[in-house]
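# Structure at a glance
As a plain string of letters, each chain reads:
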Amino acid sequence: MSELAERFDTHDPGEKLVAEKIRCDACPVMCYIADGRTGACDRYGNAGGRIVRMDPLTILDHAAETGAAIVPFIAEGEAWDGELVNTGRRFVTAIGAGTTYPDYKPAPFIVSQEVEGVDLITVVTEGIFSYCGVKVKIDTDRHLGPETAIVRAAGEAIGHVTTGEYGSQMLSLGGVHHLTGGSKSEGRATCDALLDLCNRKPVELTIDGGATIIVEAGKPPVIDGKQEHRMRVGCGSATIGMFATQWRGLVDEVVVVDDHITGVVSEHQAGKVLGWQDTGIKIIGRRSTPGRYFKVSEPGLGWGGTSISDPLSILGEWNAKKGARPGLSLLMVSTTGEQFAYYELDDELKPIEKPFPDRLQKSVGLIEDNCEPALCTVLFIGGAGGSLRAGVTENPVNLTRSVQGLKTYVTVGGAPVYVWPGGGITLMVDVTRVPEGAFGYVPTPALVAPIEFTLRRDDYVRLGGYEAEIRSLEDIVAKGGEYLNPRRGTGAPTSNPWPPLAQLHRAGSNGIG
Ligand code: SF4
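Residues numbered from 1 in each chain as written. Predicted model: local features only at pLDDT ≥ 70, side-chain atom pairs only at ≥ 80, totals over all residues. Heavy atoms only, no water.

As a further point, take the overall build of the protein chain. What the protein chain contains, in helices and strands, is eleven helices and 32 strands. Across its three principal axes, the protein chain shows a C-alpha extent of roughly 100 × 50 × 40 Å. Looking at the 513 residues of the protein chain, the share that counts as buried comes to 53%. Intrachain contacts of the protein chain at a sequence separation of at least 6 include 68% that bridge at least 24 residues. Split by element, the accessible area of the protein chain, about 22000 Å² in all, is 50% carbon and sulfur. (Helix = DSSP H or I, 4+ residues; strand = E, 2+ residues; numbered from the N terminus. Buried < 20%, exposed > 50% of the residue type's maximum accessible area, 1.4 Å probe, protein only. Contact = heavy atoms within 4.5 Å. Areas by Shrake-Rupley, 256 points an atom, 1.4 Å probe, with all protein chains shown as cover.)

Rendered as structure tokens:
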């Protein structure tokens, strides 16, 4: 008997051993798998002539919502007695559930559960997403690369730099063109990078004409070998507005150096309102409005996301007719408060660096305190298409309408998702809210992601659901499903609501949170 047959207890001693390979039909690759072996994706195996799902089915226990310890209540391979931890707030996720490929059959689990007197159905399946990718937000001011520059993993193009957001740089990775539209190695590198990013592993990315970064969901980015610590408090102009009162009476001029908008307090509206005197300062850059300058330098890894290491390089001649005088004091600071320097004008009106005075330490510290920790955020984005929807209902468009009409609540491994308005079911989910290791792949290549649809039983029946396949949660916990894998209980992430309750009490939105 093979080790797998023993582990999954699939071998009947009265039967002959199965020597032939059997076909897995859980994805278009259609692997022939010998007894005791697994298929190309390692997610399915042949255990004594039966196709089994190698990972356990994950059932979340929402006791953890109230801060209780996370207690696995069933070991792999054991039968669960249903008693150890049972808060009555359990949720069968699609992690380990199996797929509905090739489409003609109902989803692996259609679970019924009564919540507050309402019979709710959760349809559970592992979706194969050929159309998918990730959006990555990297909290940093540093220049990672020009917009539209190619992002590479293992030397292959897997995405591009997209428009930056406030205090963050953004990458768009994956998508069907990189997964299936290029060379085999491009598809493989894209799939590997997406899988690791979704499973919260670190991935090294290089940007053409830009930086090399290590991205890991929920962790600070590492840019050209240096870990980023803080994201900026605001642009240079906003920083002036926020802290102008702190500097009044302590220094004659403040320049907040920023790649986007460098601020000058004596000229800025905030300084004017507070009665700041002119200083005769001259900034080399494009003046936007008073005290706000664009393009003081090229973008880079220096002060405030500029390429400069010497802040004086953005200053021109000081003008005595407009207020410059020997002894005038100047603070220059970056938008994160990480870089700062203090100067006084000499008799030739040249700024000379002086030891940083104690009286300004507090204000610089305040900028730093107001900066949030720099993190990488990874959102999985995918389109729940035909095959997946057919496992939910005989008339797939009904599911789309039900999701769009807010009658069906969608989760990924129990985590809330944002569903884009418009056609189809295009969803986004923060991977740090999905249980670890929930994402898989198939070599087509495509990503496999858990997806669950929760709705009222009468709505489910109305949209053409597979009523005969509905099973109670207790029955599923006790007996499992066609892939014979064990069930595994784990605490739900505390930030995620219990999906059945969220479905009952949702207030007109399909958004994350
Ligand atoms: S790649 Fe995986 S899911 Fe696809 S047929 Fe092979 S074993 Fe089955």
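This brings us to the packing of helix α4 (residues 236-247) against helix α6 (residues 358-369). Taken N-terminus to C-terminus, the directions of α4 and α6 make an angle of 155°; their axes are 10 Å apart at the nearest point. The angle between α4 and α6 falls in the class roughly antiparallel. Crossing of α4 against α6: the hand is right-handed. Across the interface between the two elements, Thr239, Phe243, Gln246 and Trp247 from α4 touch Leu360, Ser363, Leu366 and Ile367 from α6. A per-class count over the contact of α4 with α6 returns five nonpolar, three polar and no charged. (Axes fitted to C-alpha atoms, helices over the stretch in contact; angles between N-to-C directions. Parallel < 35°, antiparallel > 145°, perpendicular 65-115°, else oblique. Left-handed = near helix turned anticlockwise from the far one by under 90°. Nonpolar A, V, L, I, M, F, W, Y, C, P; charged D, E, K, R; others polar.)

What follows covers the environment of Arg287. Relative to the helices and strands, Arg287 resides in strand β19 (residues 286-289). Measuring from C-alpha to C-alpha, the distance between Arg287 and Ile261 comes to 9.4 Å, with 26 residues separating the pair along the chain. In this structure, Arg287 is in contact with Arg292 and Tyr293, ignoring residues within four places of it in sequence.

Here we come to the site of the ligand. Near the ligand, the surroundings consist of Cys24, Ala26, Cys27, Met30, Cys31, Gly39, Ala40, Cys41, Arg43, Tyr44 and Pro443. A class-by-class count of the residues in the shell around the ligand yields nine nonpolar, one polar and one charged. (Near = heavy atom within 4 Å.)

Turning to unusual backbone geometry, a few remarks are in order. Backbone geometry follows two general trends: most residues other than glycine have a negative phi, and most peptide bonds adopt the trans configuration. A cis geometry characterises the amide bond from Thr444 onward to Pro445, with omega recorded as -5°. One can find Pro445 in the loop between β29 (440-442) and β30 (446-456). If you check the backbone angles, Asp224 has positive phi at about 45° while not being a glycine. The phi dihedral of Leu484 is positive, around 60°, even though this residue is not glycine. Mapped onto the elements, Leu484 comes out in the loop between α10 (473-479) and β32 (487-491).

Per the stated rule, a full pass over the model turns up 21 salt bridges. Close ionic contact of Arg200 with Glu436 constitutes a salt bridge, the shortest N to O distance being 3.7 Å. Highlighted residues: Arg200 in the loop between α3 (184-198) and β13 (203-207) and Glu436 in the loop between β28 (426-430) and β29, separated in sequence by 236 residues. Across the salt bridge formed by Arg462 and Asp458, the nearest N and O atoms sit 4.0 Å from each other. Pair noted here: Arg462 and Asp458 are both in helix α9 (residues 457-462), with a separation of four residues, about one helical turn. When its relative accessible area of 43% is taken as the criterion, Asp458 is described as partly exposed. Shared partners join several salt bridges into a network, and the residues in it are Arg43, Arg53, Asp55 and Glu126. (Salt bridge = Lys/Arg side-chain N within 4 Å of Asp/Glu carboxyl O.)

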